[in-house]
Amino acid sequence: MGSRRKFLGQLGGAAGLLSTQALIAPAFSKQGQYQLGRIEGLSPAETARDEDFWSWVREAYTVSPEIINLNNGGVSPQPRSVQEGMIRYYRMSNEGPSYYMWRILDKGRESLRRKLAGLAGCAPEEIAVNRNASEALETVIFGLRLDRGDEVILSRQDYPNMINAWKQREKRDGIKLVWLNFELPADDDNAIVRKFSDAITSRTRVVHVTHVVNWTGQIMPVSRIAESAHRAGARVVLDAAHSFAQLEFTFPETGCDYAGTSLHKWLCAPFGSGMLYVRKARIGNLWPLFAGAEPESDDIRKFEALGTRSFPSEHAISQAVDFHLAIGTGRKLARLRYLKQYWSEKVRDVPGIRFYTTFATNRSCALCNFGIDGIETGKLEARLLNEYRIHTSPIVWENIDGVRVTPHVYTMPRDLDILVEAIREIASKAANR
Ligand SMILES: Cc1ncc(COP(=O)(O)O)c(C=O)c1O
């Protein structure tokens, strides 16, 4: 995945209507090509500690000198190459909107579909491009054919937009929601799978799974959950908002029937870009949210009848895929896990600290949530920002009450050293009060 030769080969195969080479040239300067060449023979674990390489990655972003952004779980910034692509397509569109947007950029979606499918490990005919994970997943939630009394299993730790969509179906159509509640972190995959399978009944039609729980970064054992759902004849909806382009997986191997993700999270594509995956055999039976001429067709494009959307954002997703492939998912994940362990291990024994995220690397990724006894989460977040200029996300949701810290590929250990120092000082003051 990370090999430069392979990467350039993939680019050649996915060339769109515009000159891809011209677009990536500024992104991969001599320094970039040198760095990519240098890591070619390194393993993901070796690359994870190669600060020269990650310094180049940081240079590829426009990092604020004002704040240390550790809320990349909310939305990710785009590398310069993506920003430049976006601006370029925006300017081009304004030279003749209906010509450039509808005749040129709109046609580029087919090559983009192939590129995204390559990353998702599925057929291009199973990928629809849209605006975010909410749109993708609500297409599924509102598009499934469910009858009164049909049961859907979901959890209190799922994302609010998805929970609200299911609740609306409950109110409107009389389906029954069967709730699971997880104490996080959870280190026992068997217990997680059992909780799902114990909730399955003869009326279960759908199991909704959040692949990476956004509140804490817990990785759910989705393929095993899908296996037990399928044994009971139920369909699996996967919320892949935080797993796509962060974890190494393909949609088919998760066993899910439907998945939705934002591309402005871990892929670092333009804000307001997303993707829907529907297993080929399931397309015909799923109603689109925005009706097309043939809503029951098995053409995935029926889910793209959005009307006029931001074509520049959509088209520049392609640059984000190029940048992601240059690093490689394996290397990216190894670095993100390295960064998460780097800071969390250093404060693990600070008196009063509690973690909602596991230290088991195979069950966690970049996201990590912690709280400090004696200080409210909102105040903790405010102190990190006001006193140390560290931007994080305060989370008080169900049984989780902590600050979520999410580094990204442009985060350097020196940024995290400041976080570590801040946590030690705040915890010590809280303990001495
Ligand atoms: C798990 C999960 N699902 C869905 C979403 C919704 O993403 P978007 O706002 O891009 O639609 C988010 C956003 O943070 C999320 O964390």
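What counts and how
- Throughout this document, residue positions are counted from 1 along each chain, in the order its sequence is written.
- For a predicted model such as this one, the threshold for reporting local features is a pLDDT of at least 70, and the threshold for listing and counting side-chain atom pairs is 80 or more; totals across whole chains, interfaces and linings nevertheless cover every residue.
- No hydrogens and no water enter the side-chain calculation; it runs on all heavy atoms of the structure.
- What counts as a helix is a DSSP run of H or I of at least four residues, what counts as a strand is a run of E of at least two, and both are numbered from the N terminus.
- Near, as used in this document, describes a residue that has one of its heavy atoms within 4 Å of the molecule or strand being considered.
- Two N or O atoms form a polar contact when they lie within 3.5 Å of each other; inside protein one atom must be a possible hydrogen donor and the other a possible acceptor, and for residues adjacent in sequence the pair counts only when both atoms belong to side chains.
- The Shrake-Rupley method, run with a 1.4 Å probe, gives the accessible areas here. Residue values count only the displayed protein chains as cover.
- By convention here, the domain bounds are inherited from an automatic or database domain assignment.
- Any two residues whose heavy atoms approach within 4.5 Å are treated as being in contact.
- Summed over both partners, the accessible area (1.4 Å probe) lost when two parts come together is defined as the buried area.
- The rule for a salt bridge is simple: a side-chain nitrogen of Lys or Arg has to be within 4 Å of a carboxyl oxygen of Asp or Glu.
- For this scheme, ten residues count as nonpolar: Ala, Val, Leu, Ile, Met, Phe, Trp, Tyr, Cys and Pro. Four count as charged, namely Asp, Glu, Lys and Arg, and the remainder, Gly too, count as polar.
- In this scheme, a residue with accessible area under 20% of its type's maximum is buried, one over 50% is exposed, and one in between is partly exposed, where area comes from a 1.4 Å probe on protein chains only.
- Working convention: axes come from line fits to C-alpha atoms, limited for helices to the stretch in contact. Angles between N-to-C directions cover 0 to 180 degrees.
- What sets the label is the angle itself: under 35 degrees gives roughly parallel, over 145 gives roughly antiparallel, 65 to 115 gives roughly perpendicular, and the rest give oblique.
- For any helix crossing, the convention is left-handed if the near helix is rotated counterclockwise from the far helix by under a right angle, and right-handed if that rotation is clockwise.
- DSSP calls a pair of strands paired once it identifies at least 2 bridges connecting them.
- By nonpolar core we mean a set of buried residues, namely Ala, Val, Leu, Ile, Met, Phe, Trp, Tyr and Cys, connected to one another through side-chain atoms within 4.5 Å.

A look at unusual backbone geometry
- Leu-184 connects to Pro-185 through a cis peptide bond whose omega is 5°.
- Unusually for a residue other than glycine, Cys-268 sits at a positive phi of about 65°.
- Mapping Cys-268 onto the fold places it in the loop between β7 (258–262) and β8 (274–278).
- Positioned with a positive phi, Glu-398 is a non-glycine residue whose angle comes to about 50°.
- Within the element layout of this structure, Glu-398 appears in the loop between β12 (393–397) and β13 (400–405).

Description of the site of the ligand
- Residues in close proximity to the ligand total 13 residues, the closest being Ser-134, Asp-239, Ser-262, His-264 and Lys-265.
- Here an oxygen atom of the ligand sits 2.6 Å away from a polar atom, N or O, in the side chain of Ser-134.
- One of the side-chain N or O atoms of Asp-239 is found 2.6 Å from a nitrogen atom in the ligand.
- Out of a free accessible area of 390 Å², the ligand has 88% covered by protein chains.

Details of the domain arrangement of the protein chain
- Partitioning the protein chain into domains gives domain 1 (105–319) and domain 2 (331–432).
- Averaged C-alpha coordinates put domain 1 and domain 2 at centres separated by 29 Å.
- Opposite the 29 residues of domain 1 that make contact, domain 2 presents 26 residues.
- Both sides together, the interface formed by domain 1 and domain 2 hides about 2,100 Å², and carbon and sulfur atoms give 57% of it.
- Of all residues in domain 1, Trp-215, Gln-246 and Trp-266 give up the largest surface area on contact with domain 2, accounting jointly for 30% of the area buried on that side.
- For the pair domain 1 and domain 2, the number of links is 1 salt bridge.
- Close ionic contact of Arg-363 with Asp-189 constitutes a salt bridge, the shortest N to O distance being 3.0 Å.
- For the pair domain 1 and domain 2, the interface holds 14 residue pairs in polar contact (both at pLDDT 80 or more).
- Of the residues that constitute the side of domain 1 that touches domain 2, the class distribution is 14 nonpolar, 8 polar and 7 charged.

Here we look at the side chain of Arg-309
- Position of Arg-309 relative to the elements: it lies in the loop between β8 and α14 (311–315).
- Under the relative-accessibility criterion, Arg-309 is labelled buried at 12%.
- Separated by 2.8 Å, the side chain of Arg-309 and the backbone oxygen of Glu-304 make a polar contact.
- In this structure Arg-309 touches Arg-109, Glu-304 and Glu-314, once residues within four positions along its chain are discounted.

With respect to the packing of helix α16 (residues 329–347) against helix α18 (residues 413–432)
- In contact at an axis separation of 9 Å, α16 and α18 are set at 25° when each is read in the N-to-C sense. Judged on the interaxial angle alone, α18 and α16 are roughly parallel. Regarding α16 and α18, the two cross each other, and that crossing is right-handed. Contacts between α16 and α18 involve Arg-335, Leu-339, Tyr-342, Trp-343, Lys-346 and Val-347 on the former and, on the latter, Pro-413, Leu-416, Asp-417, Leu-419, Val-420, Ile-423 and Arg-424.

Some details on the packing of helix α9 (residues 133–143) against helix α10 (residues 160–173)
- Put simply, α9 and α10 touch, their axes get as near as 10 Å, and they point 25° apart. With respect to α10, the axis of α9 lies roughly parallel. Handedness of the α9/α10 crossing: right-handed. Across the interface between the two elements, Ala-133, Ser-134, Leu-137, Glu-138, Ile-141 and Phe-142 from α9 touch Asn-161, Met-162, Ala-165, Trp-166, Gln-168, Arg-169 and Arg-172 from α10.
- Here the residues of the contact of α9 with α10 are counted per class, giving 7 nonpolar, 3 polar and 3 charged.

A few points about the sheet that holds β12
- The strand order across the open sheet formed by 4 strands is β9-β10-β13-β12, and the pairing between neighbours is antiparallel. Each of the sheet's edge strands pairs with one partner strand only, and the pair in question is β9 (353–355) and β12. On average, each strand axis in the sheet is inclined to that of its neighbour by 35°, with strand direction left out of account.
- Both β12 and β13 contribute to a ladder of 5 bridges, which runs antiparallel. Pairing of Ser-393 across the sheet is with Arg-404, part of β13.

A few points about the nonpolar core
- Of all hydrophobic cores here, the largest spans 83 residues; its most connected members are Val-57, Leu-116, Phe-196, Val-209, Phe-251, Leu-267 and Ile-317.
- If you count residues domain by domain, this core takes at least three from each of domain 1 (105–319) and domain 2 (331–432).
- Setting aside residues up to four positions removed in sequence, Ile-317 forms contacts with Leu-112, Leu-116, Val-129, Leu-263, Leu-267, Ala-269, Pro-270 and Ser-273.

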